[in-house]
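Summary of structural features
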Amino acid sequence: MDTAADAAQPHGDHGDHGDHGDRDRSVADVAVFEQQRSRVFGLAYRLLGSAADAEDMVQETFLRWLAADPGTVSVPEAWLTRVVTNLCLNRLTSARVQRERYVGPWLPEPVLTGEGALGPMDTVEQRESVSFGVLLLLERLTPPERAVFVLRAAFGHSHQEIAAVLDIGEAHARQLYHRARGHVGDHRRRFAADADEQRRLVERFFAAAVDGDIAGLERLLAEDVVSWADGGGQVTAARRPVSGRDRVVRYLLGVGRRPEAAGARVEFREVNATASVVIRLDGSPAAVLVPEIRDGRVAAVRIVVSPAKLAFVSAQLA
């Protein structure tokens, strides 16, 4: 069996693809990859929490796929899963160092999920695995724990399959999943909410914030609500979390009174499988607000305003 490092290396001949047979194979290879693209991207995104990094990993996986010797690939889905997972594990190591130096709170890059950008969303586990709340919890795991959790919970791989992807023993894969599940599972119940109820509550919450309805906001916010804003040091944003109902109310009302708010266009969209708000200025997304609902109230507000973090959503909305 190849090692994990080998799985992230090109296989096969890089020779001339000029003859007709090689062109036909290349076209067929591209078609196979395109069938798997959303799955590969969805896996990379869950592992990295970054759409930009996930796109890089998809492209690198594609190049390695084209370079592979077809005789070594019996199951394309398994081969692609192994390659992109190991590429992401390598990227996670450097990403953690960068996030330690990040200016202000770090949040995942928002992705519109209404049209399958992150792969299938048929189960609670698949939807939950791309929520901001769970992605932030996954940041606390070691890279192998994160990989095992994502492969098992979001993509339904067996422990035997996961062991093959990571080139570890099956018992070790089970241990990693048990540890990851224990840590994430203690918190996952906080993120469950009916989709229709979620949207209605988010619409009421945002309307109260825009209208300056203090009493309405107080009714909708949990007492221990926390708000985070990710500006990445590029735009003005709170560099520390704002905690507690009274402080969050004042903070949100202050944001709503900014001069640029008057020209904002608001859209309610599904972002990371969650009812959310996309705020546009001059036609382009300027902020994505992702509330977290618990027990019928807004328990957390996560606001992404970093232009770099909004690039993927901007492309989706173009």
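Residues numbered from 1 in each chain as written. Predicted model: local features only at pLDDT ≥ 70, side-chain atom pairs only at ≥ 80, totals over all residues. Heavy atoms only, no water.

1. Considerations on the overall build of the protein chain
The helix and strand inventory of the protein chain stands at 13 helices and six strands. Classification of the 318 residues of the protein chain by burial places 48% in the buried group. Taking as baseline every contact in the protein chain between residues at least 6 positions apart, the subset at least 24 positions apart corresponds to 68%. Just so you have it, the protein chain exposes about 15200 Å², and 49% of that area is on carbon and sulfur atoms. (Helix = DSSP H or I, 4+ residues; strand = E, 2+ residues; numbered from the N terminus. Buried < 20%, exposed > 50% of the residue type's maximum accessible area, 1.4 Å probe, protein only. Contact = heavy atoms within 4.5 Å. Areas by Shrake-Rupley, 256 points an atom, 1.4 Å probe, with all protein chains shown as cover.)

2. Observations regarding the pairing of strand E4 (residues 274-281)
Burial of E4 is extensive: seven of the eight residues sit out of reach of the surface. Where strand E3 (residues 265-271) lies against E4, seven bridges are found, and the strand directions are antiparallel. Bridge pairing in E4 places Phe268 opposite Val277. What sits between E3 and E4 in their antiparallel hairpin is a turn of two residues, with Asn272 showing a positive phi close to 50 degrees. By the bridge criterion, five bridges tie E4 to strand E5 (residues 284-294) in an arrangement that is antiparallel. The residue bridging Val277 from the neighbouring strand is Leu289, located in E5. The antiparallel pairing of E4 with E5 creates a hairpin that spans two residues between the two strands, and Asp282 there sits at a positive phi of about 55 degrees. (Pairing = 2+ DSSP bridges.)

3. Comments concerning helix H10 (residues 195-211)
The end-to-end C-alpha distance of H10, which contains 17 residues, comes to 24 Å, matching closely the 24 Å that a straight helix rising 1.5 Å per residue would cover. By the burial criterion, the buried members of H10 are Gln198, Leu201, Val202, Phe205, Phe206, Ala208 and Ala209. Buried residues of H10, seen end-on, are gathered within an arc of 155 degrees and therefore sit on one face of the element. Seen from the open side of H10, the exposed residues pointing more than 90 degrees away from its buried face are Asp196, Arg204, Val210 and Asp211. Just downstream of H10 lies Gly212, where phi reads positive at about 70 degrees. (Expected span 1.5 Å × (residues − 1). Arc of directions from axis to C-beta.)

4. Regarding the packing of helix H7 (residues 143-154) against helix H8 (residues 159-166)
The axes of two packed helices give the description: the angle between them and the distance between them. Taken N-terminus to C-terminus, the directions of H7 and H8 make an angle of 140 degrees; their axes are 10 Å apart at the nearest point. With respect to H8, the axis of H7 lies oblique. Of the two possible hands of crossing, H7 and H8 adopt the one that is right-handed. Touching Pro144, Ala147, Val148, Leu151 and Arg152 of H7 are His159, Ile162, Val165 and Leu166, all from H8. Broken down by class, the residue content of the contact of H7 with H8 amounts to seven nonpolar, one polar and one charged. (Axes fitted to C-alpha atoms, helices over the stretch in contact; angles between N-to-C directions. Parallel < 35°, antiparallel > 145°, perpendicular 65-115°, else oblique. Left-handed = near helix turned anticlockwise from the far one by under 90°. Nonpolar A, V, L, I, M, F, W, Y, C, P; charged D, E, K, R; others polar.)

5. Quick notes on the sheet that holds strand E1 (residues 221-230)
Each strand in a sheet pairs with its neighbour through backbone hydrogen bonds, running either in the same direction (parallel) or in the opposite one (antiparallel). If you trace the six strands from one edge of the open sheet to the other, you get E2-E1-E6-E5-E4-E3, paired in mixed fashion. Bordering the open sheet on either side are strand E2 (242-243) and E3, each of which pairs with just one other strand. Bridge count for E5 against strand E6 (residues 297-304) is seven bridges, and the pairing is antiparallel. Note that in E6 the partner of Ile293 across the bridge is Val298. On top of the sheet, helix H12 (residues 245-256) reaches E1, E2 and E6; it is set at about 45 degrees to E1, its chief contact.

Purely spatial values, then, with no claim about function.
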